[in-house]
Each structure stands twice: as C-alpha cells, then as structure tokens.
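Descriptive structure summary
Here's the letter readout for the chains.
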Amino acid sequence: MSHLYKHLRIHQVFGANTDVGKTIITTALVRASALTNNRVFYLKPVSTGAPQDADDEHIKRHAGPQKHLVDAHCLFRYGDPVSPHLAVKMASETQNGLKVSVPSDETFVGSVAEHIRKQARVANGPGHIPTLSGTTQLDAYRPLFLPTILIGDSRLGGISSTISSFESLLIRGYIIDAIVLFRDEYYRNFEYLTQYFAERGTHVTSLDPPPPRLDSAENVANTEKYYSDLVPDTLKGDIFTALEHLDECHARRIEELDSMPRRTLDAIWWPFVQHVLVKTGKDVSVIDSAWSDFFSIYDASSGKTSPSQPKSLLQPQLDGSASWWTQAVGHAHPTLALAAANAAGRYGHVMFPQATHLPALKLAERLLQGPGKGWASRVFFSDNGSTGMEVALKMALRSFIVTSGLELSSAEKKTLGVVGLKGSYHGDTIGAMDACEEGVYTCEWHEAKGYWFEPPTVSIRQGQVAVSLPPALSSLIGDQRM
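This report concerns the structure included in the present document. (Residues numbered from 1 in each chain as written. Predicted model: local features only at pLDDT ≥ 70, side-chain atom pairs only at ≥ 80, totals over all residues. Heavy atoms only, no water.)

1. Structural notes on the overall build of the chain
On a plain count of helices and strands, the chain comes out with 16 helices and 14 strands. Its C-alpha atoms give the chain a radius of gyration of 30 Å, clearly above 23 Å, the size a compact globule of 482 residues would have. Considered along the principal axes of its C-alpha atoms, the chain spans approximately 100 × 60 × 55 Å. A buried classification covers 38% of the 482 residues belonging to the chain. Put simply, of all contacts in the chain between residues at least 6 apart along the chain, 66% involve residues at least 24 apart. Accessible area of the chain: about 28,400 Å², with a carbon and sulfur share of 55%. Both charge centroids of the chain, one from 45 positive and one from 51 negative side chains, sit 2 Å from each other. (Helix = DSSP H or I, 4+ residues; strand = E, 2+ residues; numbered from the N terminus. Rg over C-alpha atoms; globule rule 2.2 N^0.38 Å. Buried < 20%, exposed > 50% of the residue type's maximum accessible area, 1.4 Å probe, protein only. Contact = heavy atoms within 4.5 Å. Areas by Shrake-Rupley, 256 points an atom, 1.4 Å probe, with all protein chains shown as cover. Lys, Arg positive; Asp, Glu negative; His and termini not counted. Charge placed at Lys NZ, Arg CZ, Asp CG, Glu CD.)

2. As for the packing of helix α1 (residues 22–35) against helix α9 (residues 238–267)
For the pair α1 and α9, interaxial distance at closest approach is 10 Å and the crossing angle is 80 degrees. Classified by the angle their axes make, α1 and α9 are roughly perpendicular. In this structure, α1 uses A28, L29, A32, S33 and L35 to contact α9, whose residues at the interface are I239, F240 and L243. For the contact of α1 with α9, the class distribution of residues is 7 nonpolar, 1 polar and no charged. (Axes fitted to C-alpha atoms, helices over the stretch in contact; angles between N-to-C directions. Parallel < 35°, antiparallel > 145°, perpendicular 65-115°, else oblique. Nonpolar A, V, L, I, M, F, W, Y, C, P; charged D, E, K, R; others polar.)

3. Observations regarding the layout of surface pockets
Reported here for the second largest pocket is a volume of approximately 500 Å³. As for the second largest pocket, its lining consists of 15 residues, of which W270, S285, I287, F295 and W324 are closest to the centre. Contributing elements (two or more residues each) for the lining of the second largest pocket: β9 (294–298) and α10 (322–325). Residue composition of the lining of the second largest pocket, grouped by class: 9 nonpolar, 5 polar and 1 charged. (1 Å grid on protein atoms, 1.4 Å probe; cavity = no way out; pocket = protein on both sides within 12 Å on 5 of 7 lines; lining within 4 Å. Points joined across faces, edges and corners; volume = space filled by probe spheres on them.)

4. Quick word on the pairing of strand β5 (residues 148–151)
Burial along β5 is two-sided: T148 and L150 and I149 and I151, pointing in opposite directions, are all buried. Here β5 pairs with strand β6 (residues 176–182) via 4 bridges, running parallel. By the bridge assignment, L150 is partnered in β6 with I179. The handedness of the β5 to β6 crossover, carried by helix α6 (residues 158–171), is right-handed. (Pairing = 2+ DSSP bridges. Right-handed = clockwise from strand over helix to strand, strands pointing away.)

5. Topic: the nonpolar core
Core analysis: the biggest nonpolar cluster contains 35 residues, and Y78, L144 and F197 have the highest contact counts within it. Mapped onto this core, the elements with two or more residues apiece are β2 (40–48), β3 (70–78), α3 (84–93), α4 (105–117), α6, β6 and α7 (189–198). Looking at which element gives the most residues to this core, the answer is α4, with 5 residues. When neighbours within four sequence positions are excluded, F197 is seen to be in contact with T162, I163, F166, I179, T202 and V204. Counting 21 residues, the second-largest nonpolar core is a separate cluster that includes V13, F182, Y227 and F240. (Core = buried A, V, L, I, M, F, W, Y, C linked by side-chain atoms within 4.5 Å.)

6. Section: the sheet that holds strand β8 (residues 287–291)
Taking strand neighbours across the sheet as the criterion, the 3 strands line up as β8-β9-β10 in an open arrangement whose pairing is antiparallel. Of all strands in the sheet, those bounded by a partner on one side alone are β8 and β10 (314–318). When the angles between neighbouring strand axes are averaged without regard to direction, this sheet yields 30 degrees. Where β9 meets β10, 5 bridges bridge the pair, whose relative direction is antiparallel. Bridge pairing in β10 places I297 opposite Q315. Against the sheet, α9 touches β8, β9 and β10, its axis set at about 95 degrees to β9.

7. Some thoughts on empty space enclosed by the protein
In the structure shown here, the tally under the stated rule is 2 cavities of 30 Å³ or more. There is about 70 Å³ of room inside the largest cavity. As for the largest cavity, its lining consists of 13 residues, of which L4, I10, P147, H250 and R253 are closest to the centre. A per-element tally of the lining of the largest cavity places α9 first, with 3 residues. By residue class, the composition of the lining of the largest cavity is 7 nonpolar, 3 polar and 3 charged.

8. Side note on the packing of aromatic side chains
Summed over all chains, the structure comprises 14 aromatic pairs. Ring centres of Y186 and Y187 lie 5.0 Å apart, and the angle between their planes is 80 degrees; on these two criteria the pair is classed as edge-to-face. The exposure class assigned to Y187 is partly exposed, which follows from its relative accessible area of 37%. The interplanar angle of 85 degrees and the centroid separation of 5.7 Å between the aromatic rings of F272 and Y425 together place this pair among those described as edge-to-face. Of this pair, F272 sits in the loop between α9 and β8 while Y425 sits in the loop between β11 (418–421) and α15 (430–433); the two residues are 153 residues apart in sequence, bridging distant segments of the chain. Under the relative-accessibility criterion, F272 is labelled partly exposed at 31%. Note on Y425: relative accessible area 35%, which makes it partly exposed. Aromatic rings pair up to connect F14, F76, F108, Y141 and Y174 into one cluster. (Phe/Tyr/Trp six-rings, centres within 6.5 Å; stacked < 30°, edge-to-face > 60°.)

As structure tokens, then:
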C-alpha cells in the first residue's frame, strides 16, 4: 500500500508535540508550493474540535494569492476537541442513541490511501496520538510509508521531544526528509537541533515564529501578514529553501530506486539464484520497504503512465515464503521493531561462549518449557539455518557414537551417513550440503554422506488431490497414483 509517484511529491507531517506550529508551518509549505505555480492537495485525515478552527479551514483562509491551486479536505470530523479515539467515542454517546461505528485501522488507512490516489499532502498530529481505533498514528499510517516532515518543538523541553519523536519515526522505518521548527531566540532549540541532526544527515529549517494570537478579525489580518512575510512573492527565503530540499529528496529517491537494479547486478552475488537466468535489471526485484505480509516493490513502468492518471511506482507483492519463514507475524511489526532496537541499544552484539544475558536466558527457558518440554534439556543458539543444521548433525553423530556402544575407528567414523529424502535441501554450507544428494546447489567439494529415498508427492490435478508414489512403492500397490 506504499505510495510514490513520479509527478506528485507527497509528504506527511507529524508534530513533535501539540501546539508546536504544525498547522502554521504546513500552511506556509502549502502556500509556498502554490506560489511556485504548483497544484497542492492537502488532506487532514482526522479533525477534532470546532470546524472553523480546523486545519483544513485554516489552510483555505491563508492559501495566499494562488489559493485557486489549493485543494484542502478532511476525511473524519468530530466536534469535541479531544484525542481522536475519544472524540469518536464521545460522538457515539451523543447521537440520540444511534451507534456511531468506529472505523477500523484498515478502513481508516484505506480512506487515506484512496484520497492519496486522487492526489494529496497528508497532515497528522503528534506521532503517538491515537487514531480513531486507538492505534497510535505512527503505527496506523506505517503501511502507507509516506516520506515525513517532522515539526520540531521550539519551546522549553522541545529538544527532548523533537529527538524522541525523530527516534520514534526512525525505529518504525519512516523516511524523515526534513525537520522544521520555529526560531525561538530565547530557548534557541533550532541551533542545537540543526547541529544534532546535521550529524545524522537530516535537514533542519527554522522559521520566524507567528505573532501572538488575537481575537476576531485582527487575528486574521495579523496572521495573513505573517504568512505574506514568511512566504514572499519573491520566492526567496527559508520556506522556499525547505521546499527545494523536499523536491530534491523526492527526485533523489526515485533516481536511486531506478538505478538499483543495474548497481545490484554489478555488485551483489545472490544466494539460491542461477545468475545466468538474470539477464537484465527487469529481473531484479527492488524492495523499497515491507509491511505485514507484503513487500513494496519498485515498478519503473508505472512512472510512464499519464500524469492525469498517476499510478504508484511502488506496488505490493506477497511475501509468500514469509522471507524464508522468518516473518511469521509480518514485516515491520512495531513490537518486534521496538524489542530489536532495545536489544541493539542495550547489548549490540556480544560474545556468547561461557556467558549469558537476560534475553537469551529467558528465551532458552521458554523454549524448554514450550516446544522442548519433555525431550530437550538444553538450548543451543545458532545464527542461521544452515549453521544450525550442521550443529544438529554434529550433535547427532556424537550422540550416536556415545549411545550405540560401537567401537569405531577414526576412519570408520568418517563413513557415517544420514537417511534422507531425494531432492531434500538443508542449507548452503558444505557440511549441510553433504547431508543431501548431488544437486544444483552442491559444489566441487560435495561428498554425499547418506542414503536417500524417493517420497510420495501430493499435487492438484484438474481440481483433484493426487498422490503419486515412487516406483519402489508403486510396485507393491500396482499403481503410481492414488
């Protein structure tokens, strides 16, 4: 469900906190984009509070001289000025006994996605504010995988909240193209944050703060003057520099995705691939991101569609093998991402021989009380399947020698083999390959150590399940199919 279009730059806007200027800065970006003669589509997924105070209405009022190029919409609107998950609950309690259904995350994000297909810039609140269902916005919007603008906090404590928001986005895999905040000359958060994020390769723009809010028409006039100064007709200033940077990020991302197949063919040797069959870049799957059960695959041909009917350059592709059976709960699961980040921050990679640490110990104990209960007494951790198979083979061979009572010479021990199935595969390292017969994955040093039997096969033929028997079994039954 990721979205990326050649002729349409989309950014979602998150705030590091409430009341940090997200609406004002987004309005300035919209106004500047329109002033450069671009159509601008703004979407507020959820609005709570009085309609006249809504973000989309503010943008319509202050879109500037080119307001005819600005299209602002809101998908879900609720009257109480509270968190969205509470607003929808309160709305259901005030509808004269009528039940107001709460949109699921799938319905909610699907509505946003549908509007994006009709062209929109998305603006959200602080990242951990709940959506209508109660899921935090960072997690709810993640399937869309939209590049992000983070509105930093210029107030006291804003350095901490801005960095925390940045890290929350980063842990969930978001692309953060820019951080924008007000230039408060007393706290001067922008000075520290500019240097801090420069070291992390993230662009920071600071803008003059708005005037104090006044009542009635005078506030509208003062606000309009502020926008006129911040977004001048000369098309010069910090807001336009920020726009240029966002345009460059968009173009660079597409250029990089477009170049990846060629660069990959020049630089990478894949596992489990017959490279002679990979002839051109079209044979290379470029994975831009992954979410749940799907990859987001770059499709360069989508960019050749008409600008009036854009098609996303990113298309979903089912990860049918769960990336070799490692993603049982789906890609980018937020709980797992946080756990991995915590482990990386606490330990990094530590040596394990004659040592222990709490995550490994707890996992071992759970395995012994779970799948290993009744037969396993210890847990051996390995870092990949092929190495795990070799460790298991070593254990099995040593166990056989110890328990069989046979007194074998060193030469005889080297003749021990395994019993397996024809066509079986256990891993890409040499020892694991020796536990299967000669095949497409074996190499010059391969020396099969065992006996392999041909198993029955199960297939679907004309809608019917068919079991085919190997010759050795079929001769006993008289037919190769059942």
